[in-house]
Structures are given as C-alpha cells and as structure tokens.
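Analysis of the macromolecular model
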Amino acid sequence: MKKITKMLQDSPINYYSDLFVISMVIGWVVVLIIMVVFAIYAEIVYGDTSIWSYVKELVTEPLSAGGAIWMIKCAVQHAIANNSGKQAHMDFPKVDTDEIELETAVNDEPKG
C-alpha cells in the first residue's frame, strides 16, 4: 500500500476525483476491448451482428456526455472569470491565420 501511495504522490494526479476519472477511463477502454473481441467472435461463430450496436453506444455516449460536460465546465469558468473582471483562460491555442492559404473557388479566381 505504501508503494501505491508513494507512486500516487509522485504522479500528476492531485485529487481523488482525478484518480476516479482515470480509473473510469481505463475501465471503459478495457470493457470496450472485451466487447469488440466478443463482437468479432459472435459475428464469426453465430453470424450475429447485434452486439455492434452496443459497442457503438459504449463509444458514442460517454464521448458525447464528456464533451457536453467539458463545454459546460468551460462556459462556467469563463462566466466566473468574466464576472470577476479577469480575462478567461484560452481553451485552445490561437491559430495563426497569416500562414494559412485561403481556398478560392474556380469561378472566384481574380480576372487579369
């Protein structure tokens, strides 16, 4: 137990909630791998493809919920920062648009 406690103290995990999220993601990935293996087995042996719909749900629903929760969290953090007069931190780095070539349609080419 002391070895696990020392390993956690040296890791970037600072809160039990972080540890909980990491364990949920690891469990999700393990279950996903197991379900894909059984889906392939069921398709080969029984010709049954119905388990693939469950695999689809196992992938899409947590990702959709996680994305929605992340957007809500960012919106709340930005609202709190703006309300207190601070500049909200950027969620993504700024894209340098000066080096991006703009696409033009064939009909929109400049006439010389």
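If you tally the helices and strands in the protein chain, you get 3 helices and 0 strands. Along the protein chain, from the amino end to the carboxyl end, the secondary structure elements read α-α-α. Split into buried and exposed, the 112 residues of the protein chain put 7% on the buried side. For the protein chain, restricting intrachain contacts to residue pairs at least 6 apart in sequence, the fraction spanning at least 24 positions comes to 20%. A total of about 10,200 Å² of accessible surface is found on the protein chain, and carbon and sulfur atoms cover 65% of it.

Here the focus is the nonpolar core. Core analysis: the largest hydrophobic core is formed by 5 residues, namely Leu32, Met35, Ala39, Val55 and Leu58. Counting only elements with at least two residues in this core, the list comes to α2 (16-45) and α3 (51-83). For this core, the element with the highest residue contribution is α2, accounting for 3 residues. With residues near it in sequence (within four places) discarded, Ala39 still touches Ile51, Trp52 and Val55.

Turning next to α3. In a regular helix each residue adds 1.5 Å, so 33 residues correspond to 48 Å; α3 covers 48 Å between its end C-alpha atoms and thus fits that length. The complete set of buried residues in α3 reads Val55, Leu58, Cys74 and Ala81. In this structure, the buried residues of α3 make contact with α2. Of the residues trailing α3, Gly85 is marked for its positive phi of about 85°.

Here the focus is the layout of surface pockets. Of the volumes computed, that of the largest pocket is approximately 230 Å³. As for the largest pocket, its lining consists of Val21, Met24, Val25, Trp28, Pro62, Leu63, Ala65 and Gly66. Elements represented by at least two residues in the lining of the largest pocket include exactly α2 and α3.

The subject of this paragraph is a nonpolar patch on the surface. Taken together, the side chains of Ile22, Ile26, Val30, Ile34, Phe38, Ile40, Tyr41, Ile44, Val45, Tyr46 and Trp52 define a hydrophobic patch exposed on the protein surface, amounting to about 1,100 Å² of accessible area. Sorting elements by how many residues they give to the nonpolar patch places α2 first, with 9 residues. Assignment of secondary structure puts Val45 in helix α2.

Mean pLDDT over the protein chain: 79, with 75% of residues reaching 70 or higher. Of all helices and strands in the protein chain, the one with the weakest mean pLDDT is helix α1 (residues 2-10) (77), whereas α2 scores best (88).

The rules we used
- Residues numbered from 1 in each chain as written.
- Predicted model: local features only at pLDDT ≥ 70, side-chain atom pairs only at ≥ 80, totals over all residues.
- Heavy atoms only, no water.
- Helix = DSSP H or I, 4+ residues; strand = E, 2+ residues; numbered from the N terminus.
- Buried < 20%, exposed > 50% of the residue type's maximum accessible area, 1.4 Å probe, protein only.
- Contact = heavy atoms within 4.5 Å.
- Areas by Shrake-Rupley, 256 points an atom, 1.4 Å probe, with all protein chains shown as cover.
- Core = buried A, V, L, I, M, F, W, Y, C linked by side-chain atoms within 4.5 Å.
- Expected span 1.5 Å × (residues − 1).
- 1 Å grid on protein atoms, 1.4 Å probe; cavity = no way out; pocket = protein on both sides within 12 Å on 5 of 7 lines; lining within 4 Å.
- Points joined across faces, edges and corners; volume = space filled by probe spheres on them.
- Patch = residues over 30% accessible without salt bridge, like charges linked within 9 Å, V, L, I, M, F, W, Y side chains within 5 Å.
- Salt bridge = Lys/Arg side-chain N within 4 Å of Asp/Glu carboxyl O.
- pLDDT = per-residue confidence, 0-100.

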